[in-house]
Amino acid sequence: MNQAIIHQVREKNPLIHHLTNEVTMNFVADGLLSFGGSPVMAKALEEVDEMTSHSNGVFINIGTPTEKDLPAMIAAGKTANKYGIPVVIDPVGIAATSYRANYIHQVLSKVKPTVIKGNAGEIAYLADTPWEVKGVDSLGDESAIDIARKVANKYETAVVVTGKTDIICTKNKVSENITGHPYLTKVTGGGCLLGSVITACLATEASIDDQLLTAVSFYGLAANYATSLQQVTGPGSFKSAFIDALSYDINKLKG
Amino acid sequence: MNQAIIHQVREKNPLIHHLTNEVTMNFVADGLLSFGGSPVMAKALEEVDEMTSHSNGVFINIGTPTEKDLPAMIAAGKTANKYGIPVVIDPVGIAATSYRANYIHQVLSKVKPTVIKGNAGEIAYLADTPWEVKGVDSLGDESAIDIARKVANKYETAVVVTGKTDIICTKNKVSENITGHPYLTKVTGGGCLLGSVITACLATEASIDDQLLTAVSFYGLAANYATSLQQVTGPGSFKSAFIDALSYDINKLKG
Amino acid sequence: MNQAIIHQVREKNPLIHHLTNEVTMNFVADGLLSFGGSPVMAKALEEVDEMTSHSNGVFINIGTPTEKDLPAMIAAGKTANKYGIPVVIDPVGIAATSYRANYIHQVLSKVKPTVIKGNAGEIAYLADTPWEVKGVDSLGDESAIDIARKVANKYETAVVVTGKTDIICTKNKVSENITGHPYLTKVTGGGCLLGSVITACLATEASIDDQLLTAVSFYGLAANYATSLQQVTGPGSFKSAFIDALSYDINKLKG
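A few points on the structure. (Residues numbered from 1 in each chain as written. Chains lettered and ligands numbered in written order. Predicted model: local features only at pLDDT ≥ 70, side-chain atom pairs only at ≥ 80, totals over all residues. Heavy atoms only, no water.)

1. As for the sheet that holds strand β1 (residues 15–19) of chain C
Two modes of strand pairing occur in sheets, parallel and antiparallel, and in both the strands are linked by backbone hydrogen bonds.
All names here are of chain C.
Argument step 1. With respect to topology, eight strands assemble into an open sheet ordered β2-β1-β3-β4-β5-β6-β7-β8, the strand pairing being mixed. Every interior strand has two partners, whereas the edge strands, β2 (38–40) and β8 (174–177), have only one. Direction aside, the axes of adjacent strands within the sheet are offset by 20° on average.
Argument step 2. The sheet contact formed by strand β4 (residues 87–90) and strand β5 (residues 115–119) spans two bridges and is parallel. If you follow Ile 89 over to β5, its bridge partner there is Ile 116.
Argument step 3. This element, helix α2 (residues 25–35), spans β1 and β2 of the sheet and lies at about 155° to β2.
Argument step 4. Seen against the sheet, helix α4 (residues 69–83) touches β1, β3 (57–61) and β4 and runs at an angle of roughly 150° to β3. (Pairing = 2+ DSSP bridges. Helix = DSSP H or I, 4+ residues; strand = E, 2+ residues; numbered from the N terminus. Axes fitted to C-alpha atoms, helices over the stretch in contact; angles between N-to-C directions. Contact = heavy atoms within 4.5 Å.)

Now the structure itself:
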């Protein structure tokens, strides 16, 4: 983990443009603000290019896909690609419906992602590998390295597979992370917010390997720290404590 | 109250498809996750049938009605009816505007609900009975049994009327519940989340009388428990503590 | 600060109709409920006139502008103007994109605001005055009185400029407020909720100078109070404690 990346985020307050799902927008914005980023969530096609051009990163999350949002997602991604702004794509629930699968394929046919982030079921689906899936919160890490590599090659992108062990796969190497806590799956948007935090870390000066490992490890450390607090007695109190923890220094989180 | 119903929810993690209002989605998803269900909230007409067919229950809440959402609500409800998946309908604010009244009538003309849930003003409106109404959070329980019976007969459905005393009316019997706390009316979505929890309980194996009474009593007990905590000093701290409490055992809630 | 205004809000529970941004709806509704108002958030053009006619105030916030919402915002504002219902307009992020600037100008060309509320960058933009802006959360108070006066004259409205020192400018006088805490900028919707609280205070019987100063001072006091609590250790715990504090008496907040 590279502490300088966290410091850079807090110095720079990168503006992260979110094309994201309706359910978790509030939590994601709160979490990113606490972490040190500056969230904006503008989905009107009429302003998406201009907003993207001001931003330091774009996060596209397909959690509540609609026909109206698709052109805006593609426009934001293309503008980001044009200006060299990092793009993170989260194919939420891709295996749940054929509409969703087709939707994300349309995005990926027009937008080059810097990172694709998903759980094992979602990444497996992109890798055309069968995987047992239930809902959008499925976890699993068996063979996750294989599917990460497949997707990294297929889309020429870095890949983050979240799970009990997170897998980070770039063209350089594969890393693993074990920080984190199951409470993150008991809070809506635990995965969405990680995507936003990853995007903020991509707006720093460091290698992508360091950026991704730092984002994922820090996020998990913050969850571990929050869970360890006496006042955390369920997913509701966890959520508040976790948002707090995202604003802390690594040393405080490590105890 | 039937403890086995709560256990079944936590064993099965029923996937509940929500066609619900924009304001409270995050809270409802967090609350259902904590309770033991698995929320999905997909409103694109293009995927609604497929998503519904995977689900164990459908919750339709008319809190922020739009023309775009109406066909999706009807499609989800019809697919659920076709596969015998329970459907809960919450006619939020039906008495507030004629648009809203017409909207819910369109849903009810195409979709057979398992349960209609609302406050006294909303249920009274469906029963064509005058009722003093203000906004969407009105409460009242006088004559609530009468209006519940009327709506149960008119729509051949079970009815839950929320209020200081909750009324549960099935074709078999009428039950009452007195757990609960006024704080639930000070948190946006206190009624919406109950609808989601009810839907999850319908995905268990038990009589509908037991399912509804258990859902409503448990929900109220969780509110009472949260309110009794020293750290709960207003609606904000109540919200966190209530979400926590939804994950607890009945025995813990009963203290 | 006029304590009677707070009491009136809690006696009357004014129904505030919000045409507001998607990201912060839940927080704004929770905060207004805690404060004593009664939130409704209905954006369908088909019901917006009827809903507005029942309301005691209209809050229009341009945080997530869409073509679909524009006519509803204008209709709500015009209906409010017709019935003498107060209208508060928040030009969120107006300087960020030309679409947003044009959007708010369309609203302002059709709707007469009672109050325009924004941060210095937003109010400066409306005053055609250059201002350094970053994202939608920019703060600044230098020369804020000048720009407030310009906008008050241009739109014949009261103006609230939020910042370290808040400026309140009516046709009668200019007031300043220094309650508040930077944590409010670390929570998504800290500005949106203030707009909602201001709208609720406009539904009381008092001078607009007293209404605005009371709303802004009370809001800041609640933030100060929440921040002073031992259990507040970051933006997440602040959010809960702040919502709690909005339900308190002024005397309790003043400690």
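2. A few points about the relation of the copies chain A and chain C
Argument step 1. Here chain A sits on chain C after a turn of 120° about the axis and a move of 0.0 Å along it, with an RMSD of 0.0 Å. One copy is carried onto the other by what is essentially a three-fold rotation axis.
Argument step 2. Little of the interface of chain A is mirrored in chain C: 8% of its interface residues are interface residues there too. (Least-squares fit on C-alpha atoms with pLDDT ≥ 70 in both.)

3. Examining the sheet that holds strand β6 (residues 158–162) of chain A
Residues and elements named next belong to chain A.
Argument step 1. Reading across the sheet, the eight strands line up as β2-β1-β3-β4-β5-β6-β7-β8 and stay open at both edges, with mixed pairing between neighbours. Every interior strand has two partners, whereas the edge strands, β2 (38–40) and β8 (174–177), have only one. The average angle at which neighbouring strand axes cross in this sheet is 20°, direction not considered.
Argument step 2. Alignment of strand β1 (residues 15–19) against β2, held across three bridges, turns out to be parallel.

4. A closer look at the pattern of salt bridges
Argument step 1. Throughout the structure, instances matching the rule amount to 21 salt bridges over all chains.
Argument step 2. Of the charged contacts in the structure, one is a salt bridge between Lys43(A) and Asp69(A), with a shortest N-O distance of 3.1 Å. Of this pair, Lys43(A) sits in the loop between β2 and α3 (45–54) while Asp69(A) sits in helix α4 (residues 69–83), and the two are 26 residues apart along the sequence. Just as Lys43(A) is buried, Asp69(A) falls in that class too.
Argument step 3. For Asp30(B), the salt bridge goes to Lys239(A), with nearest N and O atoms at 2.3 Å. Linking Asp30(B) in helix α2 (residues 25–35) with Lys239(A) in helix α10 (residues 235–245), this pair reaches from one chain into another. As far as burial versus exposure is concerned, Asp30(B) and Lys239(A) are alike and both buried.
Argument step 4. One salt-bridge network, held together by shared partners, links Lys43(A), Lys68(A) and Asp69(A). (Salt bridge = Lys/Arg side-chain N within 4 Å of Asp/Glu carboxyl O. Buried < 20%, exposed > 50% of the residue type's maximum accessible area, 1.4 Å probe, protein only.)

5. Concerning the interface of chain B and chain C
Argument step 1. Taken residue by residue, the interface counts 26 residues in chain B and 24 residues in chain C.
Argument step 2. Carbon and sulfur atoms supply 49% of the area buried between chain B and chain C, which totals about 2,100 Å² over both sides.
Argument step 3. For the pair chain B and chain C, the number of links is two salt bridges.
Argument step 4. Ionic pairing is found between Glu47(C) and Arg100(B), a salt bridge with its closest N-O pair at 2.8 Å.
Argument step 5. Our enumeration of links across chain B and chain C arrives at 14 residue pairs in polar contact (both at pLDDT 80 or more).
Argument step 6. Elements supplying a minimum of two residues to the side of chain B that touches chain C: α5 (98–110) and α10 (235–245) of chain B.
Argument step 7. The element contributing the most residues to the side of chain B that touches chain C is α10(B), with five residues.
Argument step 8. Its residues placed into classes, the side of chain B that touches chain C shows seven nonpolar, twelve polar and seven charged. (Buried area = accessible area lost by both parts, 1.4 Å probe. Polar contact = N/O pair within 3.5 Å; in protein donor to acceptor, adjacent residues only side chain to side chain. Nonpolar A, V, L, I, M, F, W, Y, C, P; charged D, E, K, R; others polar.)

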